[in-house]
Amino acid sequence: MARTRKKPDAPPQDPMPLRVDPCVAMLVDRPPKGPEWSFEVKWDGYRLAVHIEPDRVRIITRGGYDWTSRFPSIAAEARLLGLKTAILDGEAVVLDKHGRSDFGMLQRALGRRPTVHEPGEILLFAFDLLYLDGRDLRRLPLKERRQLLEPIVGDLSGAIRLSEEIHADGDEFFRVACEHGLEGIIAKHRERPYRPGRHPWWLKIKCTRRDSFVIVGFEPSGAAIGRLLLAARKGGGLAYVGGVGTGWTNEMSRELRNLLEGIATTAPAVSLKRKVAVFTEPLLVAEIEYRAWTDDGKLRHPSFKGIRERADDAQIFDLAQR
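Residues numbered from 1 in each chain as written. Predicted model: local features only at pLDDT ≥ 70, side-chain atom pairs only at ≥ 80, totals over all residues. Heavy atoms only, no water.

One pass over the structure, following the stated rule, counts 13 aromatic pairs. Each ring, one from tyrosine 46 and one from tryptophan 67, has its centre 5.2 Å from the other, and the planes form 70°; the classification is edge-to-face. Remark: tryptophan 67 occurs in the loop between β4 (56–61) and α1 (72–78) and tyrosine 46 occurs in strand β3 (residues 46–53); sequence separation between them is 21 residues. Tryptophan 67 shares its class with tyrosine 46; the two are buried. (Phe/Tyr/Trp six-rings, centres within 6.5 Å; stacked < 30°, edge-to-face > 60°. Helix = DSSP H or I, 4+ residues; strand = E, 2+ residues; numbered from the N terminus. Buried < 20%, exposed > 50% of the residue type's maximum accessible area, 1.4 Å probe, protein only.)

This is the structure we're talking about:
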């Protein structure tokens, strides 16, 4: 059913982009202050752009891949929004019983492992509107884009939902988010346009640090994995940053070992000597939650949270960010 919404006055006809490079939040230690900032929950999932066109819906990943077939419920609901053309920016997630996004549950719903979770459990939390009925909205400030987005998805409770914008003290919102076990919050400057890449008008503040690292090998433990060996970007190559041995079940560990054995190599991607290690091609990326860095450049208290494909433009941690 079509929904009433506020339309731009006499919108010019802008060509609809085939793909939009996303705006990416910068990591900072504290929330910003001032009435020009609004806040949202930091969702833990896959960044997606939903392209609604007259004869089709396309769901495009951050890396530019068409994953429409992986998100059938989101695509189906997008067709019912009553829009001729639009691009929604948002995050695909699966919620746990406490209403928190869980990246591992999302992966299992996408079919990467045997699971009780179904693709229909995947939700899109939309937080931006980049194109609408022939008009490119990226030049507009965020507050105007949100004014156009909210009537479209604000009352939905199915596969597409609105990522709520919170106007509050950033420090207090961050404290509450961490107390409820969330990954963190996002701060956005309401007066800024939408620009691709990483900019200081979108900020992320994490309750614990969470980054992506290349898997360069593993240490076996029986038929499973004892530790994953991880690397970060350094200059034009990779540098070893330690291992992770927690965050998975025994079944997950065995499945992960089978996957990694399929890309085993005798040529390590980093300078590292381990007698019992199995080195792998640097094709997969591990999402790692950790507290800090040691003095010698290793991850402190790391925990495995999920796996991504490096080919999908996973943002590998760069040691220059430390």
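Picking up after the structure, the text goes on.
In total, this model carries 27 salt bridges according to the counting rule given. One salt bridge in this structure joins aspartate 21 and arginine 19, with 3.3 Å as the shortest N-O distance. The exposure class of aspartate 21 is partly exposed, given its relative accessible area of 42%. Arginine 19 sits in the partly exposed class, given a relative accessible area of 38%. One salt bridge in this structure joins glutamate 183 and lysine 42, with 3.2 Å as the shortest N-O distance. Residue glutamate 183 is located in the loop between α4 (170–179) and β9 (184–189), and its partner lysine 42 is located in the loop between β2 (37–41) and β3; the two are separated by 141 residues in the primary sequence. For the pair formed by glutamate 183 and lysine 42, the shared burial category is buried. (Salt bridge = Lys/Arg side-chain N within 4 Å of Asp/Glu carboxyl O.)

With respect to the secondary-structure elements, glycine 245 resides in the loop between β13 (237–244) and α5 (250–261). Judged by relative accessible area, which is 36%, glycine 245 ranks as partly exposed. Taking C-alpha positions, glycine 245 is 29 Å from phenylalanine 174, a pair spaced 71 residues apart along the chain. Residues within four places of glycine 245 in sequence aside, it is in contact with Gly226 and Arg227. (Contact = heavy atoms within 4.5 Å.)

On to the side chain of glutamate 91. With respect to the helices and strands, the residue glutamate 91 is situated in strand β5 (residues 86–93). Summary of buried charges: glutamate 91 has no salt-bridge partner, and the nearest side chain of opposite charge, arginine 47, is 5.0 Å away. For glutamate 91, the side chain forms a polar contact with the main-chain nitrogen of glycine 45, separated by 3.1 Å. Residues contacting glutamate 91, with those up to four places away along its chain left out, are Trp43, Asp44, Gly45, Tyr46, Arg47, Leu123, Leu124, Phe125 and Phe127. (Lys, Arg positive; Asp, Glu negative; His and termini not counted. Polar contact = N/O pair within 3.5 Å; in protein donor to acceptor, adjacent residues only side chain to side chain.)

This next bit is on the environment of phenylalanine 218. The residue phenylalanine 218 is located in strand β11 (residues 209–221) in this model. By relative accessible area, phenylalanine 218 is classed as buried at 0%. Counting along the chain gives 26 residues from phenylalanine 218 to arginine 192, while the straight-line C-alpha distance between them is 44 Å. Not counting residues within four places of it along the chain, the set of residues in contact with phenylalanine 218 comprises Ile225, Arg227, Leu228, Leu229, Arg257, Leu260, Glu261, Val276, Ala277, Val278 and Thr280.

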